[in-house]
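Residues per chain are reported as follows:
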Amino acid sequence: MENIKGMINEIIFKNEDNGYTVATLETDDDEITIVGCLPTLSLGETIKVTGKWINHKIYGPQFEVESFMIDTPSSVDGIIAYLSSGMIKGVGPKIAEKIVQKFGVDTINIIQSNPDLLTQIDGIGRKKAEQIGKSFEKERELRNLIINLAPYGIGPNICFRIYKKYKNNSIKIVTENPYKLAQDIKGIGFKLADDIAKKLGISPYSKDRIAQGIIYTLKQSTSEGHTFLPKNILVNKAKEILNIEESYIKDEIISLALDNQVQIEKENVYLIPYYISENGVCKKIIQLASYEFEDLQIDIDEKINEIEKDENITLAQNQKKAIKEAIKNGVFVLTGGPGTGKTTTINTIIRIFESINMKVVLAAPTGRAAKRMSETTNKQAKTIHRLLEMGYSQDDEELVFMKNEDDPLDADVVIIDEVSMVDIILMYNLLKGIKLGTKVILVGDSDQLPSVGAGNVLKDIISSNIISCVKLDEIFRQSKESMIIVNAHKINKGESVLLNQKNKDFYFIQRTENEDILNEILNLVDKRIPNYYKIDKLKDIQILSPMRKGDLGVINLNNMLQNILNPKSKFKNEEIFQNRIFRVGDKVMQIKNNYNKKWETCDQSEKGEGVYNGDIGYIYEIDKEERIIYVIFDENKIAKYEYSELDELEHSFCTTIHKSQGSEFPVVIMPICWAPPMLLSRNLLYTGVTRAKKLVVLVGDIKYLDFMIKNNRIYSRYSNLKNKLSMFRQEGLID
Ligand SMILES: Nc1ncnc2c1ncn2[C@@H]1O[C@H](COP(=O)(O)OP(=O)(O)OP(=O)(O)O)[C@@H](O)[C@H]1O
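In this text the structure is predicted, and so the values were computed from the model without any measurement.

## Considerations on the UniProt feature "domain: Helix-hairpin-helix DNA-binding motif class" (unreviewed entry) in the protein chain
In this structure's numbering, the residues bearing the UniProt feature "domain: Helix-hairpin-helix DNA-binding motif class" (unreviewed entry) are residues 81–102, 116–135 and 180–199. Span residues 116–135 is 50% helix and 0% strand, its end C-alpha atoms 14 Å apart. As annotated, residues 180–199 has a helix share of 75% and a strand share of 0%, and its two end C-alpha atoms lie 16 Å apart.

The structure is reproduced here in structure tokens:
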């Protein structure tokens, strides 16, 4: 293989479909013809090509390119990206742009050989010019990386991660095996790696490509909730994205299994962490449940009587049964719909355990659910992540939990709320942090949507029938007053709901056309509801939609609602990011867990870390100069978002029902209209309706409401926890 460097002088031919290009390259001492897959080339670009000379029958000697690297960027974007990446103190995007405007593609040469010239730019003194020059020398590899990867749409943030991982081998790895990035670097998925590979001319049959395509397919399926895929389904799905013959995929699955990257179990293919978690959860649950406790020496009936007297309440038979089971067993599940007395039962259980000095610890999967649990129990509840003392591995990429089998939680009883939201990986980590002899009580509503992450944990545990479980189904008097609760139960049973009863809290407004539904929703939020109920239209009303796209999907509703609830104003800064306008005052939602996002209270009296998927906040300030958006969460916690982090935020005047899980709002408004049948499901409607505390207003066509109530088809997930639990128990496969 030979390397040649030069500038593209002419593009003689380019096949837009496969990127095959014939071009002339002006080198230091010659002009040569190069051929190969070079889809991203532009005139004037300096590139380094690797390949070999061939002699074409008609055209004579040509250089056949195996791979290439852009030496200076096709546009000046790369230079701007590097200069404004924050690497050089005092140089932000504005100065970067000025430099590039002045020196164009010569910028790099000037910075390297004559940085003094930078002083011609307003805002750059001799010292800063020197600093820029020095930083160029010092971080040569990183700079090259940022500049070279910009044309592929890879920004400086990801380049930093690549550099951190591979150091001075970065460019070599990126060009030789971009698929490695998909495996090692957060933020680079298979598609992006495949794109880079294509541009570098890597064969579609490359082993790395097939392997990463299979892993990508499995990762996709875990994000759809599956813990594994049956092999034939995996092959078909991978074929769709890899576009190659099945036999290559089948062979590579075997290779991956031999290489310990996937696990094949009875024709089911797992990514290793999911396999370990599914088996781990199963084993630990059985161990915890089979633990033989010493007699607690309490008269439970007497304790219950005492509490009933104190609280002036008569617990239902099922509640009493739940209390006894929770006290007796190593693992216990309490489930039931809204208003069925789960909290009352849990509070009694806590009181009994604490009366005999047992240490009870509470947690829930999200910050909001933990906050609610603290309020209803009057006892501190943490997120599961905090409980397990989450931190980061040395390279900052992986989450690690300080509480684990080596240093388990110091607790006699661990109670977890909203378990329907806990996925298999989190459940495994939680159980690893619990020692044998600690009692585990899992509480949740198994009819709600399952966890966002993979697995069907709560449902599988309940339906395995091997763990003690009580389902509360009686709606108590106070709850019966609420049509929200009554209707939620009706929906759950597939019965028609009671609508529009006077002075109640559950309304349906019939509209058939999407446009009318939309207008009615806008009118309700803007005028009717705030005027009548005297509430804050921005904070207290939440619009929930089953879907993202379409007239009544989240994206369109957010645009419309932004115009009404937070219109453009010369007093409010705004910034456009990926076609969305972020404006001071906007209601926004964090859309992924960011455990180390720092926040500080307004008066700076308290600081902390962690903003979680589903947390809702408001844009407080936009600093255009520093390119930072400040968002205020929970009334007084302010978190800072660089513009490059804005993909973590979404407008949330309206959110999907999925994202609303674990939250509650005073008022919920939902459009009821045509959508793909998998989105018109009973448990989606049920989850949406049960988010409301004071008022539900459904707007749309009653026929779709009926359809949703009847549509009990739950889109099943591939999960083997239920079967494994039954099997492990029967076959006694515990060490
Ligand atoms: N045995 C009982 N007798 C009378 N009222 C009860 C009883 N148990 C609970 N309640 C009341 O019913 C209402 C709902 O109870 P609780 O909050 O415990 O239910 P929940 O299942 O936790 O509800 P949600 O899921 O909606 O939070 C409360 O007002 C509670 O005081």
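## As for the site of the ligand
Looking at the ligand, there are 17 residues lining it, with P338, G341, K342, T343 and F476 nearest. Secondary-structure elements contributing two or more residues to the shell around the ligand are α16 (342–355) and α21 (477–480). By residue class, the composition of the shell around the ligand is five nonpolar, ten polar and two charged.

## Digging into the packing of helix α11 (residues 231–242) against helix α12 (residues 246–258)
Between α11 and α12, whose axes approach to 9 Å, the crossing angle comes to 120°. Looking at the two axes, α11 sits oblique to α12. For the pair α11 and α12, the sense of crossing is right-handed. Of the residues in α12, those touching α11 at K231, L234, V235, A238, K239 and L242 are E246, I249, K250 and I253. Each residue belonging to the contact of α11 with α12 can be placed in one class, and the counts come to six nonpolar, no polar and four charged.

## Some details on the pairing of strand β23 (residues 607–611)
For strand β22 (residues 594–601) and β23, the ladder comprises four bridges, and the chain directions are antiparallel. Pairing of N594 across the sheet is with V611, part of β23. A loop of five residues connects β22 with β23, the two strands running antiparallel in sequence, and Q604 in this loop sits at a positive phi of about 60°.

## With respect to helix α24 (residues 554–565)
Among all positions of α24, only V554, L557, N558, L561 and Q562 are buried. The arc that holds every buried residue of α24, seen down its axis, measures 135°, which confines them to one face. Contacts made by the buried residues of α24 are with α23 (514–533), β18 (541–545), β27 (649–651) and β28 (654–656).

## A word on the UniProt feature "binding site: ATP" (unreviewed entry) in the protein chain
The sites that carry the UniProt feature "binding site: ATP" (unreviewed entry) are, in the present numbering, G339, T340, G341, K342 and T343. Mapped onto the fold, G341 is located in the loop between β9 (331–336) and α16. With 23 C-beta atoms packed within 10 Å, G341 lands in the buried category. In this structure G341 touches A316, Q319, L472 and F476, once residues within four positions along its chain are discounted. Position of K342 among the secondary structure elements: in helix α16. Filtering out sequence-adjacent residues up to four positions away, K342 remains in contact with L334, G336, V443 and L472.

## A few points about the sheet that holds β18
Strand order in the open sheet formed by five strands is β17-β30-β29-β18-β28, and the pairing between neighbours is parallel. For this open sheet the edge positions go to β17 (506–510) and β28, each flanked by a neighbour on one side alone. If you compare each strand with its neighbour and ignore which way they point, the axes differ by 25° on average. Looking at chain direction, β18 and β28 are connected through three bridges and run parallel. Along β28, the bridge assignment pairs L544 with T655.

## Details of the environment of D208
Along the chain, D208 turns up in helix α10 (residues 207–223). Each C-alpha atom of the pair D208 and K14 lies 27 Å from the other, and the pair is 194 residues apart in sequence.

## Quick notes on the pairing of strand β3 (residues 31–37)
Bridge count between strand β2 (residues 20–26) and β3: seven bridges; the pairing is antiparallel. Among the inter-strand pairings, Y20 is bridged to a residue of β3, identified as C37. The loop that links β2 with its antiparallel partner β3 comprises four residues.

## Some words on the nonpolar core
I214, I285 and I441 are the most contacted members of the largest nonpolar core, which has 131 residues in total. Residues in contact with I441, not counting those within four places in the same chain, are A326, F332, L334, I349, V413 and I415. One finds I485, I491, I657 and C673 within the second-largest nonpolar core, a separate group that totals 49 residues.

## Observations concerning the packing of helix α15 (residues 317–328) against α16
The geometry of α15 relative to α16 is characterised by a closest axis approach of 10 Å and an angle of 40° between their N-to-C directions. Relative to α16, the element α15 lies oblique. Of the two elements, α15 crosses α16, and the hand of that crossing is right-handed. Where α15 abuts α16, its residues Q319, A322, I323, A326 and I327 lie against T344, T345, T348, I349 and I352. Grouping the constituent residues of the contact of α15 with α16 by class yields six nonpolar, four polar and no charged.

## Structural notes on the confidence of the model for the protein chain
Interpretation of the predicted coordinates at a detailed level should be avoided for regions scoring low in pLDDT. The predicted model of the protein chain has a mean per-residue pLDDT of 88, with 94% of residues at 70 or higher. Confidence metrics for the complex model read pTM 0.77 and ipTM 0.97.

Here is what the cut-offs are and how they apply
- Residues numbered from 1 in each chain as written.
- Predicted model: local features only at pLDDT ≥ 70, side-chain atom pairs only at ≥ 80, totals over all residues.
- UniProt positions renumbered as here; feature names shortened; annotations may be inferred.
- Helix = DSSP H or I, 4+ residues; strand = E, 2+ residues; numbered from the N terminus.
- Near = placed C-beta within 6 Å.
- Nonpolar A, V, L, I, M, F, W, Y, C, P; charged D, E, K, R; others polar.
- Axes fitted to C-alpha atoms, helices over the stretch in contact; angles between N-to-C directions.
- Parallel < 35°, antiparallel > 145°, perpendicular 65-115°, else oblique.
- Left-handed = near helix turned anticlockwise from the far one by under 90°.
- Contact = placed C-beta atoms within 7 Å.
- Pairing = 2+ DSSP bridges.
- Buried ≥ 20, exposed ≤ 12 C-beta atoms within 10 Å, placed from the backbone.
- Arc of directions from axis to C-beta.
- Core = buried A, V, L, I, M, F, W, Y, C linked by C-beta atoms within 7 Å.
- pLDDT = per-residue confidence, 0-100.

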